[in-house]
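Descriptive analysis of the structure
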Amino acid sequence: MKNAFIDHLETPLGPMEITADDRAVLSIHFVERTQAAQPNEVTRLCKAQLTEYFAGQREQFELPLAPQGTEFQRGVWQALVEIGFGKTSTYSDIARRINNPKAVRAVGAANGKNPLTIVVPCHRIIGADGSLTGYASGVERKSWLLKHESNSLF
């Protein structure tokens, strides 16, 4: 990846790593170890907005995003962005929203490959029975994020 920029953010859930190119955020992940930071304007903007989110001061993100994935995956990720702050949805709801109601498992797989955690809110997907289903960053983090959003002062 040419012109890759990296920044980090310490959060209540552990360190996050933000990668971007000259124009957009490419990925946001929780990490065990951070590598050397080389921030740019895009990573700084993302870091600032995530800081506001964790402080309970931001519900929506206004960032240029460029996640790498298939057309189907990008469609699922766009549908995730449309789930409101403090709300939840299910894999079957998302499958219906993208006009592919039989693609529930594929929606789950795309959800698991989301490269933009929190900003593309895959943590807002729960089981049809209301249970917390898997989350690439761990169910404990998912639970914390959902509680954080339900306790927001907005």
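Please refer to the structure higher up on the page.
What comes next concerns the included structure. (Residues numbered from 1 in each chain as written. Predicted model: local features only at pLDDT ≥ 70, side-chain atom pairs only at ≥ 80, totals over all residues. Heavy atoms only, no water.)

The next point concerns the packing of aromatic side chains. Taken as a whole and assessed by the stated rule, the structure comprises 4 aromatic pairs. Between the aromatic rings of Tyr-53 and Phe-85, the centroid separation amounts to 6.3 Å while the plane-to-plane angle is 80°, which identifies the pairing as edge-to-face. Taken as a pair, Tyr-53 in helix 1 (residues 41–54) and Phe-85 in the loop between helix 2 (71–81) and helix 3 (91–97) lie far apart in primary sequence, 32 residues in all. Comparing Tyr-53 with Phe-85 shows no difference in burial state: the two are buried. (Phe/Tyr/Trp six-rings, centres within 6.5 Å; stacked < 30°, edge-to-face > 60°. Helix = DSSP H or I, 4+ residues; strand = E, 2+ residues; numbered from the N terminus. Buried < 20%, exposed > 50% of the residue type's maximum accessible area, 1.4 Å probe, protein only.)

Per the stated rule, a full pass over the model turns up 4 salt bridges. Of the charged contacts, one joins Lys-47 and Asp-7 as a salt bridge, the two residues approaching to 3.5 Å between their closest N and O atoms. Of the two residues, Lys-47 sits in helix 1 while Asp-7 sits in strand 1 (residues 5–11), which places them 40 residues apart along the sequence. A salt bridge links Arg-58 to Glu-52; its shortest N-O distance comes to 2.7 Å. Residue classification places Arg-58 among the buried positions, given a relative accessible area of 15%. (Salt bridge = Lys/Arg side-chain N within 4 Å of Asp/Glu carboxyl O.)

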